[in-house]
Amino acid sequence: QNLPNEEYLEIYNRGTEAFDLANWTISNGTTIGSLPSIVIQPGEYIILSPPGTSTQFAGFGTVINPSPWTSLVNSGDNLGLRSADGTLIDSVSYLRTWYQDGEKDDGGFSLELINPENLSCPDIGNWGASNASNGGTPGTVNSIFSSATDVTAPQLGSAIVIGADTIEVCFDEVMDEGSLAVLSNYSLDQGIGSPVSAIPKGPDFTCVQLVFDTPLAIGTPYELTVNGVTDCIGNTLNNEVVNIVRGRQPQPFEIVITELLPDPDANSGLPNAEFVEIFNRTQEILNLSNLSLTDGNASSPLGEQIIFPGEHMIICSLFDVESFDAFGRVIPLTSFPSLNNATDSIQLIGQFGNPIDFVFYSDTWYGDPNGTGNGVTLERIDPDFINCNNSGNWRASVDPKGGTPGSVNSVDGTFTDDMPPSITEIAIISPSEILLRFNEPMEAGPLLMEENFSVTPDLGQPFRAVANTTDNTSVLLSFNDDLSENVNYELSYANLADCSGNALDGQETLGIP
C-alpha cells in the first residue's frame, strides 16, 4: 500500500498507562492544533494527519485530525506535543539533513525514530530516513527501529584549523557535552599542550572548538591527541591521534575551477546532481575558509576546509554529499548556486569579493550540436592556463561515467593560445556610440583605454570606453560628436590583446547609410 500524498505525524505510547488525548495540542510555535478525545493505549501508535484525510490513512491504523493542522516545513521545524494542562510531553526539532540520503530527502519518505527508549541522546542521532518500500510506516513499528544498546566508542571524524589558534574537532556521533569541555582530554604536540578553552557546539554536540594559547605555524604538521571524551551513551574514546595543519590563504588562480556538471542526467554514470570541482595548483596546503562560490546572484561560503597540494575537491549541495562521497573529498554548501544549462558564470571569490578563479561557460563548449551535456561534465584541459576564460581550454568529458569528479580530468593536457583575436561585429548603437564584439575574451585594461581607438574623419578618440563586465568580449565606445549619414569612416584600434596576450591592431570601415 502506497503512502497517501499527505503530511502526517505519528505518536507512540511507550508507557504502561493509557491516556485520553482530549485537548492535547501539537504545535510548531506558530500553529497550535488541538487533538480530539481518543485514548491511546500502552504500546499503541496513532497517526495525526490534516483534516479531511482520515479516509486516506484508514488502512494504516488509528487516525486523528488535529485542527488546525500544523504544516510540516520540508527544510526543518520544531514540533511540541503538550497535554491538556500544557505539560510538554515530547518535542523534536528536525532538519532535512536528518535523512542522510540525497534522494529520499527530495520527498515521499518519512523520517523515523530509531529507538523510542533512547532518551539520553539528542534527537539527531536517533532519527533517519525510512527504509520501507512505500516510504514510511504510519501506524506501526518503524522500519529502522532498533532497541540495540550502543556499546561502540565514538571516533574522530575531522580536525580542522579554523583560526590561527583554533581547531574544530568533530566526531562520528552525538557526544556528551560535559566530556567535550574537559581541557585535559586534548593535547597538541610540539610543546603546545592542552587548549585554554574547549567549547562544545550544540545542539547536537558532535563538534568542539579548541582554543590554544600559541598560534599554529602555517604549513607545519601537528598531532592532536584526544582521550577521555564520551558519546552521549557513555562510551569512551581513548588516545586517538589525528594529524592537522594550518593552511595559508590562496592567491588568485592558485585554486582553479576544473570541472562542472550543469546538466545532470539520471541515466549517466554520475550522481544526478550538479557539482563544481576545484583544484589546488600549488605545492602548499591552502585554506578555503574565506572563499565562496557564486554565480553573481548568490554566494555560498566553502566553510572551514583545507585543500592539499594537487588535490581535487567536489563542491555540491549539502543534500547531495552522500552521492559524491565515493568520488573524493566533498565540500557541502547549504545553498549551492544553480548552474544554468545554456550559459552561466561561476566564480570562486575571496573574503572581500576578490576573484580567485572564474568560468563563464556556454553549452557550445561541449562540442555537441544539440548544445546539451546530458549528464556529461565540462572539463578543463589545462589547469595551468589561467586568468583567461578561453573556450578552447574546455571540452566535454570523455570518461565513460560522464565525468571525473574528485580526480584528474579525462581531457587533462596542455593548452596554448597563439591565435590573435578578431572583431566579429561592429554595431552602431546610436549616432555617437559604436559597439565592438570580439571572438574571445580580451585583456580588460587595453579595452578601457580611449587612446587605443580612433575614428576618422572628424570624430577622433572616444571620450569613454566601457567593456562588458562578464568576459570582456565587447567594448562600447562613446564619442562627443555624431556619425553623419552617407560618410565612410575608418575605425582604427591598436594595442589590444586577448587574455592570452595575443595582439590585435587594425582598421575597419563603417558608416550610416
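Residues numbered from 1 in each chain as written. Predicted model: local features only at pLDDT ≥ 70, side-chain atom pairs only at ≥ 80, totals over all residues. Heavy atoms only, no water.

### As for the side chain of Asn393
1) Next: Within the element layout of this structure, Asn393 appears in the loop between β29 (378-380) and β30 (394-396).
2) Next: The exposure class assigned to Asn393 is buried, which follows from its relative accessible area of 1%.
3) Next: In terms of polar contacts, Asn393 uses its side chain to reach the backbone amide nitrogen of Asp382, at 2.9 Å.
4) Next: Filtering out sequence-adjacent residues up to four positions away, Asn393 remains in contact with Glu379, Arg380, Ile381, Asp382, Phe385 and Phe415. (Helix = DSSP H or I, 4+ residues; strand = E, 2+ residues; numbered from the N terminus. Buried < 20%, exposed > 50% of the residue type's maximum accessible area, 1.4 Å probe, protein only. Polar contact = N/O pair within 3.5 Å; in protein donor to acceptor, adjacent residues only side chain to side chain. Contact = heavy atoms within 4.5 Å.)

### Considering the sheet that holds strand β14 (residues 186-188)
1) Next: Taken together, the three strands give an open sheet; going across it, the order is β14-β17-β18, and neighbouring strands pair in antiparallel fashion. Both outer strands of the open sheet, β14 and β18 (240-245), are each paired with one neighbouring strand and no more. Strand-to-strand twist in this sheet, taken as the mean axis angle between neighbours without regard to direction, amounts to 25°.
2) Next: Of the strand pairs in this sheet, strand β17 (residues 221-226) and β18 are connected by six bridges, and their pairing is antiparallel. By the bridge assignment for β18, Thr225 is matched with Val241. (Pairing = 2+ DSSP bridges. Axes fitted to C-alpha atoms, helices over the stretch in contact; angles between N-to-C directions.)

### What about the pairing of strand β31 (residues 423-430)?
1) Next: Of the pairings in the sheet, the one linking β31 to strand β32 (residues 433-438) comprises six bridges and is antiparallel in character. Residue pairing for β32: Ala427 is matched across the bridge by Leu435.
2) Next: Here β31 hands over to β32 after two residues, the two strands then running antiparallel side by side.

### Side note on the nonpolar core
Soluble globular proteins: nonpolar side chains tend toward being buried together.
1) Next: One finds Ile255, Val276, Ile278, Leu288, Leu293, Leu302 and Ile315 to be the most contacted residues of the largest nonpolar core, which totals 27 residues.
2) Next: Of all the elements in the fold, those that place two or more residues in this core are β19 (255-260), β20 (276-280), β25 (312-317), β26 (330-333), β27 (343-349), β28 (355-362) and β30.
3) Next: Sequence-distant contacts of Ile315, that is, excluding residues within four places in its chain, are made with Phe275, Val276, Ile278, Leu293, Leu302, Ile331, Leu333 and Phe336.
4) Next: If you look at the next biggest cluster of nonpolar residues, it comprises 24 residues, including Leu156, Phe212, Leu237 and Val242. (Core = buried A, V, L, I, M, F, W, Y, C linked by side-chain atoms within 4.5 Å.)

### Observations concerning unusual backbone geometry
1) Next: Here Ser67 and Pro68 are connected by a cis peptide whose omega angle stands at -5°.
2) Next: Structurally, Pro68 is set in the loop between β7 (63-64) and β8 (76-82).
3) Next: Despite not being glycine, Gln100 has its phi angle at roughly 55°, a positive value.
4) Next: When you line up the elements, Gln100 lands in the loop between β9 (88-95) and β10 (111-113).

### Remarks on the sheet that holds β30
1) Next: Pairing within the open sheet is mixed, and its six strands lie in the order β26-β25-β20-β19-β29-β30. Each edge of the open sheet carries a strand with a single partner, namely β26 and β30. Adjacent strand axes in the sheet meet at a mean angle of 30°, parallel and antiparallel pairs treated alike.
2) Next: Of the pairings in the sheet, the one linking β20 to β25 comprises four bridges and is antiparallel in character. Opposite Ile278, over in β25, you have Met313 as the bridge partner.

### Quick look at the pairing of strand β6 (residues 45-48)
1) Next: Neither face of β6 is exposed, since Tyr45 and Ile47 on one face and Ile46 and Leu48 on the opposite face are all buried.
2) Next: Relative to β6, strand β1 (residues 9-12) is paired through four bridges, and the arrangement is antiparallel. Bridging from a neighbouring strand, Ile11 pairs with Ile46 of β6.
3) Next: Where β6 and β7 come together, two bridges link them in parallel fashion. Paired with Leu48 across the strands is Ile64, a residue of β7.

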